[in-house]
Amino acid sequence: MADTTKTATLTIDGTDYELPVHQPTAGPDVVDIRKLYGQAGVFTYDPGFTSTASCDSTITYIDGDAGILTHRGYPIDQLAGKSHFLEVCFLLLYGYLPKAEELEDFETTVTRHTMIHEQMHNFFRGFRRDAHPMATMVGVVGAMSAFYHDSTDISDERQREIASFRLIAKMPTIAAMAYKYSIGQPFVYPRNDLDYAANFLHMCFSVPAEEYHVDPILARAMDRIFTLHADHEQNASTSTVRLASSSGANPFACVAAGIACLWGPAHGGANQACLEMLKEIGTPDQIPEYIARAKDKNDPFRLMGFGHRVYKNFDPRAKVMKQSADEVLDLLGVEDNPTLQVAKDLEKAALEDPYFTEKKLFPNVDFYSGIILEAMGFPTAMFTPIFALSRTVGWVSQWKEQLSDPQMKIGRPRQLYQGENLRDYVDIENR
Ligand code: CMC
């Protein structure tokens, strides 16, 4: 817990209550209200947790006004430019950049855990072919607790570590299998001679009938997408993982809960929703109509890929993603991609419109990611599973941190009850 040298005073009905104020290493001070109910008999009210810090953490920091994202202190643009996903995984899990031999050991361990229990293939076959791959992933990841009993005892540090490796290593295999199953192609086993991103592309796009060569530039772009999504402090899915874990649930069940939460269009589902929106807009001349709809209070339509709970400035991940979109489309020889053109024109039009600038709505990470993924050959339904596999390391790191936090308690929010007061049951004939 951070230092407490300040206090805040809350006055309720003329009585003062002194509350400790914690000073973080970065970000706003935090008023500690843990004892407030015991002392004053009141709750605080914060639906959506817009002003509530739910935990101590040392993993990720976001300054939403400045558009800064750091992992363990390192800025995301440096990590996306100079590092690679598995090194970022190590950093998130252990808190420091690994030495060469530590990284090699870590990479070997993850690589050797990429296969899934053979029996799980049957589990996949129980799903309908037209199931959304996220539905399959929620089910299969939840079912890992039925296959890996030797890493579900959360009181055992070694088991926690093995569960972490298994989740990070097997998630690409599971996502690729969900995809292969949905298109009726055979599952492709992981290959230990390929790196994490190249192996994922191989499992998604190769078929047993012929050789498949993974383009290193595409593998690098894939790796960068993983890196940009690796963690994002206490977002909805991560908070879901932490809340599920606070009851002592096993890590596979907790991560399955995180995947379920990520699926929603306001969170990880936005990348699919964004590309669908860009295609629906179709041509730049339609943009004014869609901007008008996004601004209309009576129309539920929102510009997908725009706005963020925390960023009130450019999402730093969106800048890297935009650059990557240009590089990937160049490589694939798609010079005049109409969707990319709509995205660029839409971004420009929104950033010149006072509605968006006054509300500080900027492109987020999902605005350009769908364009890259589609150019690589992924169908829209795979966008959110790719987000899920990238975010797994974030969920796992936050879960490990929570379990070693002495302040950890079961999560149990209270409520502002607005219902009926006590009343007597009325027999059916008298209603
Ligand atoms: N288009 C139009 N208006 C918007 C948008 C948008 N995309 N986002 C927010 N607004 C307006 C909103 O109507 C509200 O207006 P008013 O103050 O007049 O009522 C104001 O901006 C504040 O919005 P909010 O809904 O109170 O903000 P929030 O912090 O609760 O929501 C958000 C954040 C990301 C859910 C929202 O911006 C949104 O729905 N964006 C589109 C979905 C999206 O791209 N999500 C991906 C987020 S990044 C990836 C991830 O981390 O999962």
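The preceding data block contains the structure.
For the structure given in this document, a descriptive report is provided here. Each chain carries its own residue numbering, running from 1 in the direction its sequence is written. In keeping with the model being predicted, local features are shown solely for residues with a pLDDT of at least 70 and side-chain atom pairs are shown and tallied solely at 80 or more, while totals for entire chains, interfaces and linings include all residues. Just so you know, side-chain values use all the structure's heavy atoms and leave hydrogens and water out.

Quick notes on the site of the ligand
Thought 1: Put simply, a residue is near a molecule or strand once any heavy atom of it comes within 4 Å of that molecule or strand. In the region of the ligand, 22 residues are neighbours, and His-267, Leu-303, Gly-305, Arg-309 and Lys-359 sit closest.
Thought 2: Polar contacts, as counted here, are pairs of nitrogen or oxygen atoms within 3.5 Å of one another; within protein the pair requires one atom able to donate a hydrogen and one able to accept it, and residues that are adjacent in sequence qualify only if both atoms are side-chain atoms. Within the side chain of Lys-359, an N or O atom sits 2.7 Å from an oxygen atom of the ligand.
Thought 3: Think of it as three bins: nonpolar holds Ala, Val, Leu, Ile, Met, Phe, Trp, Tyr, Cys and Pro, charged holds Asp, Glu, Lys and Arg, and polar takes everything else, Gly as well. Looking at the shell around the ligand residue by residue, the class counts come to 11 nonpolar, six polar and five charged.

Comments concerning the side chain of His-22
Thought 1: Counting from the N terminus, the helices are the DSSP runs of H or I reaching at least four residues and the strands are the DSSP runs of E reaching at least two. Its location among the elements puts His-22 in strand 2 (residues 15-23).
Thought 2: Here the term buried applies to any residue with accessible area under 20% of the maximum for its type, exposed to any over 50%, and partly exposed to those in between, with areas from a 1.4 Å probe on protein chains only. A residue is classified by how much of its surface remains accessible, and His-22, at 7% relative accessible area, is buried.
Thought 3: Of note is the side chain of His-22, whose polar atom sits 2.8 Å from the side chain of Asp-32.

Quick look at the pairing of strand 5 (residues 68-71)
Thought 1: Here, strands pair whenever DSSP counts at least two bridges between them. The pairing of strand 4 (residues 60-63) with strand 5 spans four bridges and is classified as antiparallel. In the strand pairing of strand 5, Asp-63 is matched with Ile-68.
Thought 2: Counting the residues in the hairpin turn of strand 4 and strand 5 gives four residues, including Gly-67, whose phi is positive at 70 degrees.
Thought 3: The pairing of strand 5 with strand 6 (residues 74-75) spans two bridges and is classified as antiparallel. Residue pairing for strand 6: His-71 is matched across the bridge by Tyr-74.
Thought 4: Linking strand 5 to strand 6, which pair antiparallel, is a turn of two residues; within it Arg-72 sits at a positive phi near 50 degrees.

Quick look at the packing of helix 6 (residues 133-147) against helix 7 (residues 157-183)
Thought 1: Lines are fitted to the C-alpha atoms to define the axes, a helix being fitted only along its stretch in contact, and any angle between axes, read from their N-to-C directions, falls within 0 to 180 degrees. As a packed pair, helix 6 and helix 7 sit with axes 10 Å apart at the nearest point and diverge in direction by 140 degrees. Our classification of the angle between helix 6 and helix 7 gives oblique. For the element pair helix 6 and helix 7, the recorded crossing hand is right-handed. Contacts between helix 6 and helix 7 pair Pro-133, Thr-136, Met-137, Val-140, Val-141 and Met-144 from the former with Arg-166, Leu-167, Lys-170, Met-171, Ile-174, Ala-175 and Ala-178 from the latter.
Thought 2: Within the contact of helix 6 with helix 7, the residues separate by chemical class into 10 nonpolar, one polar and two charged. Any angle that falls under 35 degrees is termed roughly parallel, while one over 145 is termed roughly antiparallel, one within 65 to 115 roughly perpendicular, and all others oblique. With the far helix as reference, a near helix turned anticlockwise by less than a right angle produces a left-handed crossing, and one turned clockwise produces a right-handed crossing. What makes two residues a contact is simply this: any of their non-hydrogen atoms within 4.5 Å.

What to know about the nonpolar core
It is characteristic of soluble globular proteins that their nonpolar side chains tend to be buried jointly.
Thought 1: The criterion is simple. A nonpolar core is a set of buried Ala, Val, Leu, Ile, Met, Phe, Trp, Tyr and Cys residues joined through side-chain atoms within 4.5 Å. Judged by nonpolar contacts, the single largest core of 111 residues is most densely connected at Phe-200, Met-222 and Phe-378.
Thought 2: No other element matches the 13 residues that helix 7 contributes to this core.
Thought 3: Setting aside anything within four residues of it in sequence, one finds Phe-200 in contact with Pro-172, Ala-175, Ala-176, Met-222, Phe-226, Phe-378, Met-382, Ile-386 and Leu-389.

Structural notes on the sheet that holds strand 4
Thought 1: If you walk across this open sheet you meet the three strands as 4-5-6, and the pairing is antiparallel. A strand with exactly one partner marks an edge of an open sheet, and here the two such strands are strand 4 and strand 6.

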